[in-house]
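# Chains, contacts and geometry: an overview
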Amino acid sequence: MTREQQRQLRNLKKELPHIVQAEIKQYKINKRDFMIWRRRGGVFYDASVSVGQKDNKCYCSVRGMYKPLWLDDLFWDIMGMEENKKEPLSLRCIGAFTVYGNQFMEDRREMKSWSVEEMSICVREYISRFALETEEDICSRFAEEIPGTPYHADLRQVLYLIYLEKYVDAGRRIAVMDQDLFVNKGIGFRAAAMEYCRQRMM
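Residues numbered from 1 in each chain as written. Predicted model: local features only at pLDDT ≥ 70, side-chain atom pairs only at ≥ 80, totals over all residues. Heavy atoms only, no water.

## With respect to the pairing of strand β3 (residues 43-54)
As paired strands, strand β2 (residues 35-40) and β3 are joined by six bridges and run antiparallel to one another. The residue bridging Met35 from the neighbouring strand is Ser48, located in β3. The antiparallel hairpin formed by β2 and β3 contains two residues in its connecting segment, where Gly41 sits at a positive phi of about 60°. Relative to strand β4 (residues 57-68), β3 runs antiparallel, the two sharing twelve bridges. Its bridge partner being in β4, Gln53 is matched across the sheet by Cys58. Joining the antiparallel neighbours β3 and β4 is a turn of two residues, in which Asp55 adopts a positive phi near 55°. (Pairing = 2+ DSSP bridges. Helix = DSSP H or I, 4+ residues; strand = E, 2+ residues; numbered from the N terminus.)

Below is the structure:
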């Protein structure tokens, strides 16, 4: 990047949070740090809007995720972190002990002018799309769309089976999980989930 492009990118990153905050006012959308989020019925939606550069080109990007509220609740029950359910809803998008949802929107656009004006247009369209798409009840697609977002896919699948009270199937799935992505007080998710299933089959 040239020095001028570096200056422009710094300015874009500085202005982005203010633009996002201004755009969400007309919708019932919340903001926490770099994330926007909303709850619609029993579904939690969140998205990150970002600006960056690659190969000397400037881009504005968005990625939106969704998950049923029971997903984090069940995860916290298993991990012995039930108190998290009393925390503000925004914890579900920024908390370290939260489950990554299924992706429902993604876009990246090149901004040829590297300008705040062009970024504002992108952000306005992203926020509008987020508001529109989160009006739908997409949670009926949750199970079939789990594989489409690889990160935490095994974790979501195990939690879904436990939610359905299919404890034997969940146990088989837990047994082939690669690693513990979460450990609380020395106990990893796999061991905690196995014990949770065992207790409910007694």
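## Concerning the pattern of salt bridges
Where side chains of opposite charge bring their charged atoms close, a pairing between them can arise. In the structure shown here, the tally under the stated rule is 17 salt bridges. Note that Lys85 and Asp77 form a salt bridge whose closest N and O atoms lie 2.8 Å from each other. Residue Lys85 is classed as partly exposed on the basis of its relative accessible area of 35%. Among the residues examined, Asp77 registers a relative accessible area of 25% and is labelled partly exposed. A network of salt bridges, in which partner residues are shared, links Arg38, Arg40 and Glu135. (Salt bridge = Lys/Arg side-chain N within 4 Å of Asp/Glu carboxyl O. Buried < 20%, exposed > 50% of the residue type's maximum accessible area, 1.4 Å probe, protein only.)

## Quick word on unusual backbone geometry
Positive phi, close to 65°, is recorded for Asn56, a residue that is not glycine. Mapping Asn56 onto the fold places it in the loop between β3 and β4. Looking at Asn56, the relative accessible area reads 43%, which means it is partly exposed. A positive phi angle, near 70°, is found at His152, a position not held by glycine. If you trace the backbone, His152 turns up in the loop between α5 (142-145) and α6 (153-163). For His152, a relative accessible area of 7% translates into the label buried.

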